[in-house]
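An overview of the molecular structure
Chain by chain, the residues run as shown.
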Amino acid sequence: MFLRIPRSFARDLSFVFVASWIGLAAPNSMAAETGYLLPPEEVVDIIDAAPAPLVSLDPTNTWMMLIEQDAMPSIEDVSRRMLRLAGTRIDPKASGRFRTSFYRGLVLQKRGEAKGTRIPLPEDVKIAGVDWSHTGKYFAVSIVGEQAQELWVGSVDDPKKLTKLTDRLNTVLGGFQWLPDAEHLVCTLVPEGRGAEPVVDQTPTGPSIQESVGKTSPTRTYQDLLTSPADEDLFDHYALTELVVFGVDGSRSMLSKAKAFIGMQPSPDGRYLMTTRIKRPYSYLMTYRSFPQVVEILSMDDGSLVHTVADIPMAENIPIEGVATGPRRIGWKTSEPATLVWAEALDGGDPNVDAEFRDELKKHPSPFDKPPVSLLKLEERFAGLEYFANPKKWIATEYDRDRRWIRALLIEEDEPNAEPKVLVDRSIRDRYGDKGSLVRELDESGRSIVLENGPWVFRSGRGSSPKGDLPFLDRQNLETLETERLWRCEEGSYEAFVDLIDSSQQGGTSIITRAETKTTPANYFLRDLKSGTSKPITEFPDPTPQIRGITKQLVKYERSDGVPLSATLYLPANYQPGTKLPLVVWAYPREFNDASTAAQISGSPSRFTRMSGITHLTLLTQGYAIMDSATMPVIGDPETMNDTFIEQIVDAAQAAIDKAVEMGVADRDRVAVGGHSYGAFMTANLLAHCDLFSAGIARSGAYNRTLTPFGFQSERRSFWDAKDIYFSISPFMHANKINEPMLLIHGANDNNSGTFPIQSQRMYQAIKGNGGTVRLCMLPGESHGYRARESVLHTQAEMIAWLEKFVKGRDVEAENDSNSEAGAASE
């Protein structure tokens, strides 16, 4: 149970709880501990601080919906009954995806006005989502109930009057979507008269059998899969839904009886609905997204079948980083009434096959009575489409996996013999060369199109630079490809573009931004580009003023091979220059093809410091310096870069420590390393292969790569192609060399591919069995990240206590004396 303690006693008592195992007791004596721990009171206060509301602007930028949320859910919410089926997690009471947090209130406010109108909802409401109609007149609200979900609709004209459309909304695989007229929604509903959940007979009727005959099937390791015919029936019970159309006035019409719909897209003209549904046979090795699928066109008049677009088989036997053959990524061509577009592989879907063209784009206009026609052949793999108001003009993006390179091509069908203009041509890792994303708007049917002003389009980006991220807004001339800068965030703050208000004059005159500084929280502003002035739209207060004394700066340094690195250095409030503090290096490795892109700076030292959830930044309140997001680049050929993974991360770790010591802020003998997920994998490897650290914290990691034999992270080779590499970079194989204390934390219900909870459990056994110092904390009900207040505060307590004992309180002289005595005895 969670130990609920009066705030006045939290500081002293939490120390007692934490100190109960950081004293003289041996780590192996901790098994008897029960209950959740609390960190020091100052950390509880920070983590409990209420977050600012989320802001949802309507498509016309006239209205704002302020969406109130809790800081954290309770352990009761996280520990509700959950079904783990076909790669998804189902809340059986809600007939929806399992959620661990909800929105708690809605306030509608007109942009520019100081006060808004609270939407009338129950006090203990659990809001799952809010969605605007593309005209901005209506908003839909889904609320989690006890048997399914309720769907309500309201109008900005009378926001206190809500109309309940249904209490049978099912969001296990579907949900709801506005139709092109902005007056109707298509929804997936619990079938009427569905009945009770199937009762599973625990008496076996026979073995569970799977068979494969002579076909390769290199699949990632997934969790929460089907395991039996009973699982299949249970999955069907919650996955099957009816398609129903509702009007904002409460009217309704049935489109389809119960099927397992996983997608629905109305055509721009509103006459058709493209649906995607899964069908049997199901797989016990893959998630539902890989099950056989049928893509069909239904009439919006009566739900009758108009056309079958594709009957897609089980997505198996697909090469690593390959794609399925046949139609894929099927969608409507925006700006045309009803034309389908999709991609088909020309290389068998295998990226290892040499081919002049890898993909072909095809289109198929209604009434679908003629064969589809070719639109474009792409040299590399299709990566996406962007449309304009002119249906004959669009942008196709392709991706070269070997170089990690993208190209965006401007296609004009009216000029079939003209060479496509190249709008983007860069490495995906080249942050400095990123021209930004195209600013978009919704057309009259609610479809997203590129916003144009004559020959100009607009681009917004994060503006990575040697000085950190400085977001920008540019405009690009599609005739000359000339680019002009309209606005950029000034140094010393962090201000990001949100939307364009007025593009009628040259370059646009008004934009909405979200601005923050190191000491002022993020708020929304209306900025006039001509005058350079801005005025606030929101005024959210600082939720944690007690941490404003913390300082941070961007620091740059080099690895021994000359690769430039960087980190954000945080120092505690009231830090006295020249004081050497215990240091925490927190990192996550990234892969790069070359050193030039690996060296690029990302992030901003000018952003508002916000501590929430399981953040490690709370260690600043305990007197640590933190090198945060310390770059750990792994550089090389994508096919073989992991051959030098260990050497590269050790070298980067050494450089980070050297920099902090050189600056006079860190004690080299008191340094910890930590990371989450792939960062936990990094942490374990650093402890196994170097002696730079006093201790480590590894959360939700994977440590034995033979358990992910068909690749991991960006590794393209299977275990059987690179056995030595899988063994050499698996810290589990080197557990006997981990002679620094390591804290392992893992969610007991982790569903992330590869990071099975057993990874931490077996790593604990390996270190313990070899005489190492290790502690394993398995958090009940938690997934890859930890959400419940009890789990979050316990994680904070674990991290603080571990470092208190093995880093801050480390007696280096005593250790040296002990080592000297041991050496003399052995002589």
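Predicted model, so just to flag it, every value in this text is computed and none were measured. (Residues numbered from 1 in each chain as written. Predicted model: local features only at pLDDT ≥ 70, side-chain atom pairs only at ≥ 80, totals over all residues. Heavy atoms only, no water.)

The next subject is the overall build of the chain. A count of helical and extended segments in the chain gives 11 helices and 48 strands. With 827 residues in all, the chain has 55% of them scored as buried. The long-range fraction of contacts in the chain, counting pairs at least 24 apart against all pairs at least 6 apart in sequence, stands at 59%. Of the roughly 35600 Å² that the chain leaves accessible, carbon and sulfur atoms contribute 49%. (Helix = DSSP H or I, 4+ residues; strand = E, 2+ residues; numbered from the N terminus. Buried < 20%, exposed > 50% of the residue type's maximum accessible area, 1.4 Å probe, protein only. Contact = heavy atoms within 4.5 Å. Areas by Shrake-Rupley, 256 points an atom, 1.4 Å probe, with all protein chains shown as cover.)

A few words now on the sheet that holds strand β39 (residues 551-558). As summarised here, the arrangement of the 8 strands in space is β39-β40-β43-β41-β45-β46-β47-β48, forming an open sheet in which the pairing is mixed. Looking at which strands have only one partner, the edges of the open sheet turn out to be β39 and β48 (774-779). Each strand axis lies, on average, 20 degrees off the axis of its neighbour in the sheet, ignoring direction. Strand direction decides the pairing type here: strand β45 (residues 666-676) and strand β46 (residues 695-699), joined by 5 bridges, are parallel. (Pairing = 2+ DSSP bridges. Axes fitted to C-alpha atoms, helices over the stretch in contact; angles between N-to-C directions.)

Residues Glu412, Asp414, Glu415 and Glu479 make up a contiguous surface patch of negative charge. Tracing the sequence through the fold places glutamate 415 in the loop between β26 (405-412) and β27 (421-427). A residue is classified by how much of its surface remains accessible, and glutamate 415, at 45% relative accessible area, is partly exposed. (Patch = residues over 30% accessible without salt bridge, like charges linked within 9 Å, V, L, I, M, F, W, Y side chains within 5 Å. Salt bridge = Lys/Arg side-chain N within 4 Å of Asp/Glu carboxyl O. Lys, Arg positive; Asp, Glu negative; His and termini not counted. Charge placed at Lys NZ, Arg CZ, Asp CG, Glu CD.)

Let's shift gears to the packing of helix α2 (residues 41-48) against helix α10 (residues 789-808). Contact geometry of α2 with α10 gives a least axis separation of 11 Å together with a crossing angle of 140 degrees. What the angle tells us is that α2 and α10 run oblique. Considering the relative orientation of α2 and α10, their crossing is right-handed. Between α2 and α10, the contacting residues are Val43, Val44, Ile47 and Asp48 on the first element and Arg789, Val792, Leu793, Gln796 and Ile800 on the second. (Parallel < 35°, antiparallel > 145°, perpendicular 65-115°, else oblique. Left-handed = near helix turned anticlockwise from the far one by under 90°.)

Moving on, we come to the packing of helix α6 (residues 645-662) against helix α7 (residues 678-689). Relative orientation of the contacting elements α6 and α7 amounts to 85 degrees, with a least axis distance of 10 Å. Our classification of the angle between α6 and α7 gives roughly perpendicular. Residue-level inspection shows Phe645, Ile646, Ile649, Val650 and Ala653 of α6 in contact with α7, the latter providing Tyr678, Phe681, Met682, Asn685, Leu686 and His689. Of the residues contributing to the contact of α6 with α7, the split by class is 9 nonpolar, 2 polar and no charged. (Nonpolar A, V, L, I, M, F, W, Y, C, P; charged D, E, K, R; others polar.)

Of all 7 residues in strand β2 (residues 63-69), 5 are buried, a share of seventy percent or more. With 4 bridges joining them, strand β1 (residues 54-57) and β2 adopt antiparallel strand pairing. Looking at β2, one finds that leucine 54 is bridged to isoleucine 67. Connecting β1 to the next strand, β2, in antiparallel fashion are 5 residues, including asparagine 61 with a positive phi near 60 degrees. Note that β2 and strand β6 (residues 103-110) share 7 bridges and pair antiparallel. When the sheet's bridge partners are listed, leucine 66 is paired in β6 with valine 107.

So, on to the environment of glutamine 293. Along the chain, glutamine 293 falls in strand β18 (residues 293-299). Once the C-alpha coordinates of glutamine 293 and alanine 310 are considered, the two residues, 17 residues apart in sequence, prove to be 8.0 Å apart. Excluding residues that lie within four positions of it along the chain, glutamine 293 makes contacts with Ile262, Thr276, Arg277, Ile278, Ala310, Asp311 and Ile312.

Attention now moves to the nonpolar core. One finds Tyr557, Val585, Met627, Leu686, Phe693 and Met742 to be the most contacted residues of the largest nonpolar core, which totals 63 residues. Looking at this core, the element that brings in the most residues is α6, giving 11 residues. Apart from the residues within four sequence positions on either side, leucine 686 is in contact with Ile649, Val650, Ala653, Val673 and Phe693. Judged by nonpolar contacts, the second largest core, of 34 residues, contains Ile547, Ile697, Cys777 and Tyr786. (Core = buried A, V, L, I, M, F, W, Y, C linked by side-chain atoms within 4.5 Å.)

As a further point, take the packing of aromatic side chains. As enumerated under the stated definition, the model contains 19 aromatic pairs in all. Ring pairs connect the aromatic residues Tyr588, Phe645, Tyr678, Phe681, Phe710, Phe712, Phe719, Trp720, Tyr726 and Phe727, which therefore count as one cluster. Above the ring of tryptophan 405, the side-chain terminus of arginine 403 is found at 4.4 Å from the ring centroid. The residue whose ring lies beneath arginine 705 is phenylalanine 681, and the NZ or CZ to ring-centre distance is 4.6 Å. (Phe/Tyr/Trp six-rings, centres within 6.5 Å; stacked < 30°, edge-to-face > 60°. Lys NZ or Arg CZ within 6 Å of the ring centre and 35° of its normal.)

Before going further, it helps to spend a moment on the sheet that holds strand β3 (residues 83-85). The strand order across the open sheet formed by 3 strands is β3-β4-β5, and the pairing between neighbours is antiparallel. Each edge of the sheet is formed by a strand with only one pairing partner; in this case those strands are β3 and β5 (96-97). By the bridge criterion, 2 bridges tie strand β4 (residues 88-91) to β5 in an arrangement that is antiparallel. Looking at β5, one finds that aspartate 91 is bridged to glycine 96. Together, β3 and β4 form the strand contacts of helix α4 (residues 229-239), whose direction differs from that of β3 by roughly 110 degrees.

A separate point is the side chain of threonine 708. The residue threonine 708 is located in the loop between β46 and α8 (723-728) in this model. The contact partners of threonine 708, leaving out residues within four places of it in the chain, are Thr221, Tyr726 and Gly754.

This paragraph deals with the side chain of aspartate 469. When you line up the elements, aspartate 469 lands in the loop between β32 (456-461) and β33 (472-477). With no salt bridge to any partner, buried aspartate 469 finds its closest opposite charge in arginine 462, at an N-O distance of 4.8 Å. Side-chain polar atoms of aspartate 469 contact the side chain of serine 464, separated by 2.8 Å. Aspartate 469 has contacts with Arg462, Gly463, Ser464, Tyr494, Ile601, Ser602, Gly603 and Ser604, leaving out every residue within four places of it along the chain. (Polar contact = N/O pair within 3.5 Å; in protein donor to acceptor, adjacent residues only side chain to side chain.)

All right, on to the pattern of salt bridges then. It is possible for side chains of opposite charge to pair when their charged atoms get near one another. Under the defined criterion, the tally for this structure stands at 54 salt bridges. Ionic pairing is found between aspartate 48 and arginine 789, a salt bridge with its closest N-O pair at 2.6 Å. With aspartate 48 in helix α2 and arginine 789 in helix α10, this residue pair connects regions lying 741 residues apart in the sequence. On the basis of relative accessibility, which here comes to 23%, the residue aspartate 48 falls in the partly exposed class. One salt bridge connects lysine 93 with glutamate 146, and the closest N-O pair in it is separated by 3.5 Å. Of this pair, lysine 93 sits in the loop between β4 and β5 while glutamate 146 sits in the loop between β9 (138-144) and β10 (149-155), and the two are 53 residues apart along the sequence. With respect to class, lysine 93 is no different from glutamate 146; both count as exposed.

For the rest of this paragraph, the subject is unusual backbone geometry. The omega angle of the peptide bond from arginine 280 to proline 281 is 5 degrees, so this bond is cis rather than trans. Within the element layout of this structure, proline 281 appears in the loop between β17 (272-278) and β18. A cis geometry characterises the amide bond from serine 366 onward to proline 367, with omega recorded as 15 degrees. Turning to its location among the elements, proline 367 is positioned in the loop between β22 (359-365) and β23 (373-378). Positive phi is not limited to glycine here, since serine 95 has a value of about 50 degrees.

Let us look at the environment of arginine 475. Mapped onto the secondary structure, arginine 475 falls in strand β33. On a C-alpha basis, the gap between arginine 475 and leucine 486 in space is 6.9 Å, while along the polypeptide they are 11 residues apart.

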